[in-house]
Amino acid sequence: MTTPLLVQALNRQPLVRPPVWLMRQAGRYLPEYRAVRAHFPDFVQFCLTPDAATQVTLQPVERFNLDAAIIFADILTIPHALGHTVTFTEGHGPHVQPITHPNQLAAMQNLLEQIPHRLTPVGQTIAQTRAALAADKAVIGFTGAPWTLACYLLDAKPSLGIPNTLAFAKQHPQEFQQLITLLTRACNAYLTMQAAHGADALQVFDSWALLCPPDLWQTAVHQPLLELSAATPLPTILFPRGATPAQLLALAESGATALSLSTGHNLAWAAETLQPLTTIQGNLDPALMTGPAGVLESALLTMLNTAAPRRGYIVNLGHGLTPDTNPDNVTLLMETVRNWRAPGSV
Ligand code: 1CP
């Protein structure tokens, strides 16, 4: 049986070239995505319609011959399944009906056991995608991390700051921890369901880890991420965006299988320090995907020569592709990675 190249990298096998996939590889920069999206006024409904979600999951893999398909869904499916309405308006991004009082946690707690059932359509998308893909390509399932989901539940737009999250954690420390525990259990159930439907690997997006104050890091980010990393037998990639080098090292030393690096992280440092302990993924600046080919190609070669000669490396970006990405740059990235060879290999 063929093991997907991505899984081989996660198992730290020696490879002639690293696997490649891109965060947000399905999305608005692709005209074929926009055509399907136009049929769904309700974005959450789109995520929970297996045929349409499978179609857009496969689009970038078919167009660019990527090594993995990440399931088309969103991290905000969990708040939705826990009873908090999620709406998407064109140009404004998502909006989550917020938690305004600790007494709302009980209602969420009551919905916890329904997570696998309510999100079964995502499992169906995984099964359909797995059936459609060649054996050497991986299907990646994912979840948002508890801290990042808490930020969306308390602040709706974390990109504008998280004053409510910080105030809630200070004013109601016990209830805040209950919320993190509740969300960790929800993520755990969601990932378990995804594994049962045939995912080959999982990624946990802690996109707002960079906003977590040091006194909350251990209980709100570090421990939940490690718990989710061990939730299933599948290799799991953790993406604590903007974590400090010390925080990344602590995750690697505590047994994380793989760490996805953000744009700002120093790849040479990560290759020296983290890669002996764990698989690393990343961290090309997504801004390069909107610019001239020559600059992109030289940055890619530097990145490949830094991390790809060693075991345990996955090519990816430091954050997601943006809607103004030039698809020709993804083609160039794929050609560059596929033509690259580890020194000494033929
Ligand atoms: O109108 C549209 O078509 C919506 C654009 C879009 C897409 C294509 C959103 C809204 N979500 C997605 C899909 C998506 N989101 C995927 C699957 C496909 C793929 O990667 O190819 C994944 C893995 C996500 C994950 C996600 N959603 C994250 C974590 C990754 C990250 O970017 O840090 C986050 C933070 C979200 C929330 C979200 N959903 C959508 C947007 C625009 C956002 C960000 C909102 C914000 O800035 O706060």
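Everything that follows concerns the structure shown earlier in this document.
Residues numbered from 1 in each chain as written. Predicted model: local features only at pLDDT ≥ 70, side-chain atom pairs only at ≥ 80, totals over all residues. Heavy atoms only, no water.

Novice: Got a sec to walk through the overall build of the protein chain? Specific residues and values, please.
Specialist: Regarding its fold elements, the protein chain presents 16 helices and nine strands. For a compact globule of 346 residues, the expected C-alpha radius of gyration is about 20 Å, and the protein chain comes in at 19 Å, within 12% of that figure. Overall, the protein chain is about 65 × 45 × 40 Å in size when its C-alpha atoms are taken along their principal axes. Residue pairs in contact within the protein chain that sit at least 24 positions apart in sequence constitute 73% of those at least 6 positions apart. Taken together, the 18 basic and 22 acidic charged side chains of the protein chain have centroids lying 3 Å from each other. (Helix = DSSP H or I, 4+ residues; strand = E, 2+ residues; numbered from the N terminus. Rg over C-alpha atoms; globule rule 2.2 N^0.38 Å. Contact = heavy atoms within 4.5 Å. Lys, Arg positive; Asp, Glu negative; His and termini not counted. Charge placed at Lys NZ, Arg CZ, Asp CG, Glu CD.)

Novice: Requested: an account of the packing of aromatic side chains, with residues and values cited.
Specialist: Aromatic ring pairs are reported here in terms of the distance separating the ring centres and the angle at which the planes meet. Applying the stated criterion across every chain yields a total of 11 aromatic pairs. When the ring of Phe205 is compared with that of Phe239, the centres are 6.1 Å apart and the planes differ by 90 degrees; the resulting orientation is edge-to-face. With a gap of 34 residues between them, Phe205 in strand 5 (residues 201-206) and Phe239 in strand 6 (residues 236-240) connect regions that are remote in the sequence. Residue class for Phe205 comes out buried when judged on its relative accessible area of 13%. Ring pairing ties together the aromatic residues Tyr33, Phe40, Phe43, Phe46, Phe72 and Phe88, which thus form one cluster. Sitting over the ring of Trp208, Arg241 keeps its end group 4.8 Å from the ring centre. (Phe/Tyr/Trp six-rings, centres within 6.5 Å; stacked < 30°, edge-to-face > 60°. Buried < 20%, exposed > 50% of the residue type's maximum accessible area, 1.4 Å probe, protein only. Lys NZ or Arg CZ within 6 Å of the ring centre and 35° of its normal.)

Novice: How would you summarise the pattern of salt bridges if you had to cite specific residues and measurements?
Specialist: Counted according to the given criterion, the structure contains six salt bridges. For Arg63, the salt bridge identified is with Glu32, shortest N-O distance 2.9 Å. In this pair, Arg63 is assigned in helix 4 (residues 50-64) and Glu32 in helix 2 (residues 31-37), connecting sequence segments 31 residues apart. Classification of Arg63 as partly exposed rests on a relative accessible area of 40%. (Salt bridge = Lys/Arg side-chain N within 4 Å of Asp/Glu carboxyl O.)

Novice: Before we move on, could you go through the site of the ligand and cite the residues and values that matter?
Specialist: Residues in contact with the ligand amount to 21 residues; listed here are only the nearest, Tyr33, Asp74, Tyr152, Ser207 and His319. Between the ligand and the protein, one listed contact pairs an oxygen atom with a backbone N or O atom of Ala26 at 2.8 Å. Within the complex, the protein chains bury 88% of what would otherwise be the 890 Å² of accessible surface of the ligand. Partitioning the shell around the ligand into residue classes produces 13 nonpolar, four polar and four charged. (Near = heavy atom within 4 Å. Polar contact = N/O pair within 3.5 Å; in protein donor to acceptor, adjacent residues only side chain to side chain. Areas by Shrake-Rupley, 256 points an atom, 1.4 Å probe, with all protein chains shown as cover. Nonpolar A, V, L, I, M, F, W, Y, C, P; charged D, E, K, R; others polar.)

Novice: An account of the environment of Val337 is needed here, citing residue identities and associated values.
Specialist: By the secondary structure assignment, Val337 is in helix 16 (residues 327-339). Residues Val337 and Val20 lie 317 residues apart in sequence; the distance between their C-alpha atoms is 7.6 Å. Leave out the neighbours within four places in its chain, and Val337 touches Arg17, Pro18, Val20, Leu300, Leu304 and Val315.

Novice: Can you tell me about the packing of helix 10 (residues 163-171) against helix 11 (residues 173-196), naming the residues and giving the values?
Specialist: With their axes 5 Å apart at the nearest point, helix 10 and helix 11 run at an angle of 120 degrees to one another. Between helix 10 and helix 11, the residues in contact are Thr165, Phe168, Ala169, Lys170 and Gln171 and Pro173, Glu175 and Phe176, respectively. (Axes fitted to C-alpha atoms, helices over the stretch in contact; angles between N-to-C directions.)

Novice: Let's hear about unusual backbone geometry: which residues, and what values?
Specialist: In this chain, Gly282 is followed by Asn283 through a cis amide linkage whose omega measures -10 degrees. Within the element layout of this structure, Asn283 appears in the loop between strand 8 (279-281) and helix 15 (293-307).

Novice: An account of helix 4 is needed here, citing residue identities and associated values.
Specialist: Across its 15 residues, helix 4 extends 22 Å between first and last C-alpha, which sits within 8% of the 21 Å expected from 1.5 Å per residue. Burial analysis of helix 4 places 11 of its 15 residues in the buried class, which makes it a mostly covered element. Taken together, the buried positions of helix 4 are occupied by Pro50, Ala52, Ala53, Thr54, Val56, Thr57, Leu58, Gln59, Pro60, Val61 and Phe64. Where helix 4 is buried, its residues meet helix 2, helix 3 (43-47), strand 1 (68-70), helix 8 (120-132) and helix 16. (Expected span 1.5 Å × (residues − 1).)

Novice: A description of the nonpolar core should follow, citing residues and the corresponding values.
Specialist: In this structure, Leu82, Trp147 and Phe176 are the most contacted members of the largest nonpolar core, which totals 124 residues. If one sorts the elements of this core by residue count, helix 11 sits on top with 10 residues. (Core = buried A, V, L, I, M, F, W, Y, C linked by side-chain atoms within 4.5 Å.)

Novice: Give me the state of the cysteines: which residues, what numbers.
Specialist: Under the definition given, this model contains zero disulfides. The thiol of Cys47 is unpaired, and the distance to the nearest cysteine sulfur, on Cys187, comes to 16 Å. Cysteine Cys187 is unpaired, with the sulfur of Cys151 as its nearest cysteine sulfur at 13 Å. Judged by relative accessible area, which is 0%, Cys187 ranks as buried. (Disulfide = S-S within 2.5 Å.)

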